[in-house]
Amino acid sequence: TGHLGIGGLKMSKSLKNFLTIRQMLQGGCRLGEAEGEEPLPPVSARQLRLLFLMHRWDQDMSLTRAAIDAAAARERSLKDFFATVQDLERSEASAGHQR
């Protein structure tokens, strides 16, 4: 099975590179020891779900800023898609009432 990695190392309490879901949701976490690294902004619960869904369960996953950004981009595209669908449904419903 896959492991979750942070900063190139497997996440573990003994390495003190352990992040909780609550910490990710609140933001301010750091993913590595790089100097000048900006803390992460809060990550939404939906973004976390997408982050894990975008990786195979049996492969290692590295928690990186790029992976989090990809999940945020996927969330935006899904929101845009469903907003478009709702707009189309509304316009069809209003066109149906006008007939």
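Notes on the structure follow. (Residues numbered from 1 in each chain as written. Predicted model: local features only at pLDDT ≥ 70, side-chain atom pairs only at ≥ 80, totals over all residues. Heavy atoms only, no water.)

1. Some points on the environment of G96
Its location among the elements puts G96 in helix 3 (residues 65–98). On a C-alpha basis, the gap between G96 and T64 in space is 48 Å, while along the polypeptide they are 32 residues apart. (Helix = DSSP H or I, 4+ residues; strand = E, 2+ residues; numbered from the N terminus.)

2. Describing the side chain of E75
With respect to the helices and strands, E75 occurs in helix 3. If near-sequence neighbours (up to four positions away) are discounted, E75 is found in contact with S44, R46, Q47 and L50. (Contact = heavy atoms within 4.5 Å.)

3. Concerning the nonpolar core
In this structure, L19, M24, L31, L51, L63 and I68 are the most contacted members of the largest nonpolar core, which totals 17 residues. Put simply, the parts of the chain that give this core at least two residues each are strand 1 (4–6), helix 2 (45–53), strand 3 (61–63) and helix 3. With residues up to four places along the chain from it excluded, the contact list for L19 reads I6, M11, M24, C29, L31 and L63. (Core = buried A, V, L, I, M, F, W, Y, C linked by side-chain atoms within 4.5 Å. Buried < 20%, exposed > 50% of the residue type's maximum accessible area, 1.4 Å probe, protein only.)

Geometric descriptors of this kind do not, in isolation, establish any biological role.
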